[in-house]
Amino acid sequence: MLATIERIELLENAEGLAKMVLDSDIAEQYQICLYKMQNNKETKRKINQFVSLKELYEEVQRFGKYHPDYKRVMMQIREYKREMDLDPFVAEFKLAENDLQSLLDQISMLIGSAVSKHIKVPSGNPFFDSGHGSGCGGGGSCGCG
């Protein structure tokens, strides 16, 4: 019974932490950038253009350079991706997304290292991965990797 109460308290605290993240300036900036990106006609056109060509790109990838449209599709996909990535709303969104991801990575590392220095915490950020996450199976200090 005590373990159940403790678990409920931990989950409630985790929900509180999630609410703090959602209420942060970083999350607010992310939401604003997402809204701008999703509601700008020109930005949506660039994204849709890239997404529709991406399906053809995946088909071409299956056959490689032997596909009759290989060169055209490869050149177009790079062109469309560049056009999409250089869109100011997409670029602004990606920066906000990276800031939010960085915050979540930092929180994960703090929680993981508070539990144990050997716990693996995937972050997607090499800065946080170095020296951490080297527990069992990772070839770390337990010596079993």
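> Is there a simple way to think about the packing of helix 3 (residues 41-63) against helix 4 (residues 70-85) in this case?
Geometrically, a packed helix pair is captured by the angle between its two axes and the distance between the axes. Following both chains from N to C, one finds helix 3 and helix 4 inclined at 150°, their axes separated by 9 Å at the closest point. Between helix 3 and helix 4, the angle is such that the two are roughly antiparallel. For the crossing formed where helix 3 meets helix 4, the hand is left-handed. Of helix 4, the residues touching helix 3 (which contributes Arg 45, Lys 46, Ile 47, Gln 49, Phe 50, Leu 53, Lys 54, Leu 56, Tyr 57, Val 60 and Gln 61) are Tyr 70, Arg 72, Val 73, Met 74, Gln 76, Ile 77, Tyr 80, Lys 81, Glu 83 and Met 84. Counted by class, the contact of helix 3 with helix 4 contains 12 nonpolar, three polar and six charged residues.

> What exactly am I supposed to notice about helix 3 here?
The α-helix winds at 3.6 residues per turn, so residues separated by three or four positions along the chain end up facing the same way. With 23 residues, helix 3 should cover 33 Å at 1.5 Å per step; its first-to-last C-alpha distance of 34 Å lies within 8% of that length. On its buried face, helix 3 sits against helix 2 (25-39), helix 4 and helix 5 (88-115). Where helix 3 begins, the side chain of Asn 40 points an oxygen toward the backbone nitrogen of Glu 42, at a separation of 3.1 Å. A positive phi of about 65° marks Gly 64, the residue just after helix 3.

> Please explain the packing of helix 2 against helix 3 as it appears in this structure.
The geometry of helix 2 relative to helix 3 is characterised by a closest axis approach of 5 Å and an angle of 80° between their N-to-C directions. Classified by the interaxial angle, the pair formed by helix 2 and helix 3 is roughly perpendicular. Contacts between helix 2 and helix 3 involve Met 37, Gln 38 and Asn 39 from the former and Lys 41, Thr 43, Lys 44 and Ile 47 from the latter. Of the residues that constitute the contact of helix 2 with helix 3, the class distribution is two nonpolar, three polar and two charged.

> Explain the nonpolar core here, please?
General note: in soluble globular proteins, nonpolar side chains tend to be found buried as a group. Formed by 17 residues in total, the largest nonpolar core has its most connected members in Val 21, Tyr 30, Leu 34, Met 37, Phe 50, Phe 93 and Leu 100. Of all the secondary structure elements, the ones that give two or more residues to this core are helix 2, helix 3, helix 4 and helix 5. With six residues, the single largest contributor to this core is helix 5. Residues contacting Tyr 30, with those up to four places away along its chain left out, are Phe 93, Ala 96, Glu 97 and Leu 100.

> Explain the side chain of His 67 here, please?
Within the secondary structure layout, His 67 lies in the loop between helix 3 and helix 4. Judged by its relative accessible area of 11%, His 67 is buried. Here Asp 69 takes part through its backbone nitrogen, which lies 3.0 Å from a polar atom of the side chain of His 67. With near-sequence residues (within four places) excluded, His 67 lies in contact with Glu 59 and Val 60.

Definitions and cut-offs
- Numbers given to residues run from 1 along each chain, matching the order in which its sequence is written.
- For a predicted model such as this one, the threshold for reporting local features is a pLDDT of at least 70, and the threshold for listing and counting side-chain atom pairs is 80 or more; totals across whole chains, interfaces and linings nevertheless cover every residue.
- Working from all heavy atoms in the structure, the side-chain values ignore hydrogens and water.
- Axis lines are fitted to C-alpha atoms, over the contacting stretch for helices. Their N-to-C directions set the angle, which ranges from 0 to 180 degrees.
- Helix and strand definitions follow DSSP, with helices as H or I runs of at least four residues and strands as E runs of at least two, each counted in order from the N terminus.
- What sets the label is the angle itself: under 35 degrees gives roughly parallel, over 145 gives roughly antiparallel, 65 to 115 gives roughly perpendicular, and the rest give oblique.
- Each helix crossing is assigned a hand: it is left-handed if the near helix lies turned anticlockwise from the far helix by less than a right angle, otherwise right-handed if that turn is clockwise.
- By the convention used here, residues are in contact when the closest approach between their heavy atoms is within 4.5 Å.
- Three classes are used, and their members are as follows: Ala, Val, Leu, Ile, Met, Phe, Trp, Tyr, Cys and Pro are nonpolar, Asp, Glu, Lys and Arg are charged, and the others, Gly among them, are polar.
- Multiplying 1.5 Å by the helix residue count minus one yields the expected span of that helix.
- The term polar contact refers here to a pair of N or O atoms within 3.5 Å; inside protein, the definition further demands a hydrogen-donor-capable atom paired with an acceptor-capable atom, and it admits residues adjacent in sequence only when both atoms are side-chain atoms.
- Residues grouped as a nonpolar core are buried Ala, Val, Leu, Ile, Met, Phe, Trp, Tyr and Cys residues, joined through side-chain atoms within 4.5 Å.
- Buried, partly exposed and exposed residues are distinguished by accessible area as a fraction of the type maximum, computed with a 1.4 Å probe on protein chains only: under 20%, between the cut-offs, and over 50%, respectively.

Note that all results are geometric; they support no functional claim without further evidence.
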